[in-house]
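Here are the chains, one letter per residue:
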Amino acid sequence: MKLGVNVDHVATVREARGVADPDPVEAARICIDAGCNSIVCHLREDRRHIKDDDLWRLREVVGTCLNLEMAIAKDIVEIACKARPDQATLVPEKRAELTTEGGLDVVKHAGKIAGVIRRFNEKKIRTSLFIDPSRAQIVASKKAGASIVELHTGEYANARTGPARLKELDKIRKAAEYAISKGLEVNAGHGLNYANVRDVAAIKGINELNIGHSIIARAVIVGMRQAVEEMIGLIR
Ligand code: PXP
């Protein structure tokens, strides 16, 4: 199973000061060097973390697979067509949300999504649809022409009790099986961390897990000693 690392929150820390550091592109280089299979970034309409310039620079350095998460907004579609990521993952986007809430409603927005997929096919950009683990969304994704679906693992990650967690895990397992039977490639992600990733990683047939916040959060902690020691060395 592959790993895609989402570097958005490196840019979130940068934007807290409006300066140049930390650079998501430098982080992406380290992620690739560490063995991840793809780099994910979300160019949001509000540009709260990743900026257009980050996307261009990522396009230059990511030779493995650059996966651009994006809303089906006209101007973002235009940018994607110019930047030519290897993959685009269509997600719903609400301005006030802290992170992507829920999957894309492919049943409701079928026509619009199919149009974007056609444009991306012309540009040789593979399209993934970020959906809730439901049969109706899988059927609609296939019909819209997607080659990949990313199953939303947020409900699983947020489940408070053991039985609720198992129920959500089972939904993901069944949805993965069903999507694969329809000829779709299956990825999964959202809310996965060092405590809950194993059970999802054990689901057969899932191609890639996309993980962001927990990896960036862990990097801050495991990198703290070195950062402090370097600063003390300079002061001395
Ligand atoms: N996959 C998709 C489609 C997402 O929108 C996100 C959040 O940007 C992720 C994966 C990663 O989620 P997290 O940051 O919780 O690991």
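See above for the structure.
Residues numbered from 1 in each chain as written. Predicted model: local features only at pLDDT ≥ 70, side-chain atom pairs only at ≥ 80, totals over all residues. Heavy atoms only, no water.

> What exactly am I supposed to notice about the site of the ligand here?
Inspection of the region around the ligand gives 13 residues, with E69, E150, G191, G212 and H213 positioned closest. G191 places a main-chain nitrogen or oxygen 2.8 Å from an oxygen atom of the ligand. Burial of the ligand by the protein amounts to 94% of the accessible area it has alone, namely 400 Å². (Near = heavy atom within 4 Å. Polar contact = N/O pair within 3.5 Å; in protein donor to acceptor, adjacent residues only side chain to side chain. Areas by Shrake-Rupley, 256 points an atom, 1.4 Å probe, with all protein chains shown as cover.)

> I would appreciate a short explanation of the sheet that holds strand 7 (residues 185-189) in the present structure.
Taken together, the eight strands give a closed barrel; going around it, the order is 1-2-3-4-5-6-7-8, and neighbouring strands pair in parallel fashion. For this sheet the average axis-to-axis angle between neighbouring strands, irrespective of direction, equals 25 degrees. Against the sheet, helix 3 (residues 52-61) touches strand 2 (38-42) and strand 3 (66-70), its axis set at about 160 degrees to strand 3. (Pairing = 2+ DSSP bridges. Helix = DSSP H or I, 4+ residues; strand = E, 2+ residues; numbered from the N terminus. Axes fitted to C-alpha atoms, helices over the stretch in contact; angles between N-to-C directions. Contact = heavy atoms within 4.5 Å.)

> Looking at this structure, how should I read the pattern of salt bridges?
Working definition: two side chains of opposite charge can pair if their charged atoms are close together. Scanning all chains against the criterion turns up 17 salt bridges. The partner of D46 in a salt bridge is R48, with the nearest N and O atoms 3.3 Å apart. Using a relative accessible area of 26% as the deciding quantity, one classes D46 as partly exposed. Residue class for R48 comes out partly exposed when judged on its relative accessible area of 28%. Via salt bridges that share partners, R14, E15, D23, K51, D53, D54 and R57 belong to a single interconnected network. (Salt bridge = Lys/Arg side-chain N within 4 Å of Asp/Glu carboxyl O. Buried < 20%, exposed > 50% of the residue type's maximum accessible area, 1.4 Å probe, protein only.)

> Help me out: how do you make sense of the pairing of strand 3 in this one?
Where a strand is regular, its side chains alternate between the two sheet faces. With five of five residues buried, strand 3 lies mostly within the body of the structure. Burial along strand 3 is two-sided: the residues L66, L68 and M70 and N67 and E69 are all buried. One ladder, built from four bridges, connects strand 2 with strand 3; its direction is parallel. Each bridged residue has a counterpart across the sheet, and for V40 the counterpart in strand 3 is N67. For the segment spanning strand 3, helix 4 (residues 74-83) and strand 4 (residues 87-90), crossover handedness is right-handed. (Right-handed = clockwise from strand over helix to strand, strands pointing away.)

> I'm lost on the pairing of strand 2 in this one. Help?
The buried fraction of strand 2 amounts to five of the five residues, a majority that puts the element mostly inside the structure. Along strand 2, one buried face is formed by S38, V40 and H42 and the opposite face, lined by I39 and C41, is buried too. Sheet topology places strand 1 (residues 2-6) next to strand 2; three bridges connect them, and they run parallel. Following the sheet pairing, N6 is matched in strand 2 by V40.

> Which parts of the structure should I look at to understand helix 6 (residues 135-144)?
Every α-helical turn comprises 3.6 residues, leaving residues that sit three or four positions apart pointing alike. Along helix 6, the residues that are buried comprise Q137, I138, A140, S141 and A144. The buried residues of helix 6 occupy one face: seen down the axis, they fall within an arc of 165 degrees. Within helix 6, the exposed residues directed more than 90 degrees away from the buried face are R135 and K143. A positive phi of about 100 degrees marks G145, the residue just after helix 6. (Arc of directions from axis to C-beta.)

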